[in-house]
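Now for the letters of each chain:
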Amino acid sequence: MRLSRYFLPVLKETPSEAQIVSHRYMLRAGMIKQASAGIYSWLPLGFKVLRKIENIVHDEQARAGHIAIQMPTMQSADLWRESGRYDAYGQEMLRMKDRHDRDMLFTPTAEELVTDIFRSHVGSYKDLPLTLYQIQWKFRDEIRPRFGVMRGREFYMKDGYNFDLTKEDALHAYNRHLVTYLRTYERMGLQAIPMRADSGPIGGDNTHEFLVLADTGESEVFYDAQITDLKFGTREIDYDSHAQCQAVLEEFTSRYARTDETHDEALFNEVPEERRRQARGIEVGQIFYFGTKYSEAMGATVADSDGNRVPVHMGSHGIGVSRLVGAIIEASHDDKGIIWPEGVTPFHCGIVNLKQGDEEADGACEALYASLTALGLEPLYDDRNERAGAKFAGMDLIGLPWRITVGPRGLKNGVVELTSRRTGTSEELPPEQAIERIAQIYGRAAV
Ligand code: ATP
Ligand code: MG
């Protein structure tokens, strides 16, 4: 993309309404625009990051054998009356009537709808296990929407639902989701720690929240510092193997890590004092096992191998896709702007032309642009007639992890400059080598 043709409405002033750094940078970098309280339009740069995060979530769900569907945002109240949650949900549910005076609502979550799909089409244990998920906009009429996309009223969420014959199988689904979530967050450059949590209105006793440590987080957390050394990394897991998924769960949840809702001071004090940490965290996901709560209420049964109808065991699993955009910025920025991890960056690298209009500099930039594009990479080329300082400040704000700077002086020596946004270190090297390095970083074979 050429910046001169892009739509990147960068703000010069720091917006006064933004209290936390991710919100400030998202507004300043032209990623979002508030439409009304807790409701945002996603502008091109923000939308690209949202899509990158969404794609990683889809990719990791597919790896685990989970199946994507799409359910509507508008739902009839009838199913929610069946489960008893129409009355129980309270004011966070946005309710409305259609022209026939029927009660409708904007989906805050989708246990009821997916259970209805299940009971209509699945009747035998032979069709299990089954995990259906979607990535869809949700609405919760939060009493205090704040921090930009972190606590919106409308937000984008992955919600998945597993259906299993036995409790044992459903607990395997729970463990499998824990594994997929660890991989998912790491691919986004994040450490999200599974912590024992409270199940709230969804019900059930097995639940973990995934928290990204950040001072601006809304949750108070308590954990054993050893937990931050754990990395899932690139290990290959057989998702069908109960033992393998169970082992990962044990590895990542055996140390003390709890939110304030489940915090137990006596247990915490068993952790050696120098490893005890109290901090704040951002909840970016949660997994639940809740057994037969919805399947019994809504008649979601299958025939077991003896032909008896039994209610299925279920769980649900959520990832805050839009919240993650803010959470990643909270975890990765400096005083100049955002620093995108490579896995979610909106453009793979920036190209800064120090002397727009100079034949040689323009030609070198065009050649870099063409080569990177041919590798399947997306560069953002700042081809505007602007001062170098303004171009650098803009690139730093929008946070592309790599920048190639091209100017007449370097070109005389046959070099361009490759700069890491994270470390700030620069290296002069011939254009072909700069391309090779970028290709390597993103796992593309140079042509
Ligand atoms: P919270 O405790 O933050 O209100 P929750 O526990 O009610 O969230 P879940 O039902 O577990 O939320 O939803 C799954 C994920 O969706 C959460 O882990 C979070 O990342 C995200 N999420 C929930 N509410 C919001 C919101 N208002 N704005 C943005 N993301 C949200
Ligand atoms: Mg939650």
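Up top is the structure these notes are about.
An account of the accompanying structure is given in this report.

Definitions and limits used
- Residues numbered from 1 in each chain as written.
- Chains lettered and ligands numbered in written order.
- Predicted model: local features only at pLDDT ≥ 70, side-chain atom pairs only at ≥ 80, totals over all residues.
- Heavy atoms only, no water.
- Helix = DSSP H or I, 4+ residues; strand = E, 2+ residues; numbered from the N terminus.
- Rg over C-alpha atoms; globule rule 2.2 N^0.38 Å.
- Buried < 20%, exposed > 50% of the residue type's maximum accessible area, 1.4 Å probe, protein only.
- Contact = heavy atoms within 4.5 Å.
- Areas by Shrake-Rupley, 256 points an atom, 1.4 Å probe, with all protein chains shown as cover.
- Lys, Arg positive; Asp, Glu negative; His and termini not counted.
- Charge placed at Lys NZ, Arg CZ, Asp CG, Glu CD.
- Donors = N, O, S within 2.8 Å, 3.2 Å for Na, K, Ca; no water.
- Core = buried A, V, L, I, M, F, W, Y, C linked by side-chain atoms within 4.5 Å.
- Domains from an automatic or database assignment.
- Near = heavy atom within 4 Å.
- Polar contact = N/O pair within 3.5 Å; in protein donor to acceptor, adjacent residues only side chain to side chain.
- Nonpolar A, V, L, I, M, F, W, Y, C, P; charged D, E, K, R; others polar.
- Pairing = 2+ DSSP bridges.

### Examining the overall build of the protein
Phase 1 of the analysis: Per the secondary structure count, the protein includes 14 helices and 23 strands.
Phase 2 of the analysis: Computed over C-alpha atoms, the radius of gyration of the protein comes to 24 Å, within 12% of the 22 Å expected from 2.2 N^0.38 for 447 residues, which places it in the range of a compact globule.
Phase 3 of the analysis: For the protein, the spread of C-alpha atoms along the three principal axes comes to 80 × 60 × 45 Å.
Phase 4 of the analysis: Within the protein, the fraction of its 447 residues that count as buried is 53%.
Phase 5 of the analysis: Residue pairs at least 24 apart in sequence account for 71% of intrachain contacts in the protein once pairs closer than 6 positions are excluded.
Phase 6 of the analysis: Here the protein has roughly 19,800 Å² of accessible surface; of this, 47% comes from carbon and sulfur atoms.
Phase 7 of the analysis: The average position of the 53 basic charges and that of the 67 acidic charges among the side chains of the protein differ by 4 Å.

### Some thoughts on the coordination of the magnesium ion (ligand 2)
Phase 1 of the analysis: Ligation of the magnesium ion (ligand 2) by protein atoms is provided by E283 (OE) and Q286 (OE1), these donors lying 1.9 to 2.1 Å from the ion.
Phase 2 of the analysis: When its relative accessible area of 11% is taken as the criterion, Q286 is described as buried.

### A closer look at the nonpolar core
Phase 1 of the analysis: Counting residues in hydrophobic clusters, the biggest one holds 76 residues, and the most contacted among them are M31, I53, Y185, F210, V284, V325 and W340.
Phase 2 of the analysis: Ranked by residue count, the leading element in this core is helix α6 (residues 167–187), at seven residues.
Phase 3 of the analysis: Taken domain by domain, the makeup of this core includes at least three residues from each of domain 1 (3–338) and domain 2 (349–441).
Phase 4 of the analysis: When neighbours within four sequence positions are excluded, M31 is seen to be in contact with M26, S41, W42, L43, L45, G46, V49, V325, I329, I338 and W340.
Phase 5 of the analysis: Core analysis: the second largest hydrophobic core is formed by 26 residues, M93, L130, F290 and M314 among them.

### Describing the site of ligand 1
Phase 1 of the analysis: Around ligand 1 there are 14 residues in total, and R140, E142, R151, G152 and E283 lie nearest to it.
Phase 2 of the analysis: Here an oxygen atom of ligand 1 and a backbone polar atom of G285 are 3.2 Å apart.
Phase 3 of the analysis: Between an oxygen atom of ligand 1 and a side-chain N or O atom of R323, the distance comes to 3.1 Å.
Phase 4 of the analysis: If ligand 1 stood free it would expose 580 Å²; the protein chains cover 83% of that surface.
Phase 5 of the analysis: Only β8 (154–164) and β13 (276–291) provide two or more residues apiece to the shell around ligand 1.
Phase 6 of the analysis: Per-element accounting of the shell around ligand 1 gives the leading share, four residues, to β13.
Phase 7 of the analysis: Here the shell around ligand 1 is composed, by residue class, of five nonpolar, four polar and five charged.

### Comments concerning the pairing of strand β5 (residues 94–97)
Phase 1 of the analysis: In terms of strand pairing, β5 meets strand β6 (residues 103–106) through four bridges, oriented antiparallel. Along β6, the bridge assignment pairs K97 with D103.
Phase 2 of the analysis: Two successive antiparallel strands, β5 and β6, enclose a turn made up of five residues, where D101 displays a positive phi of approximately 70°.

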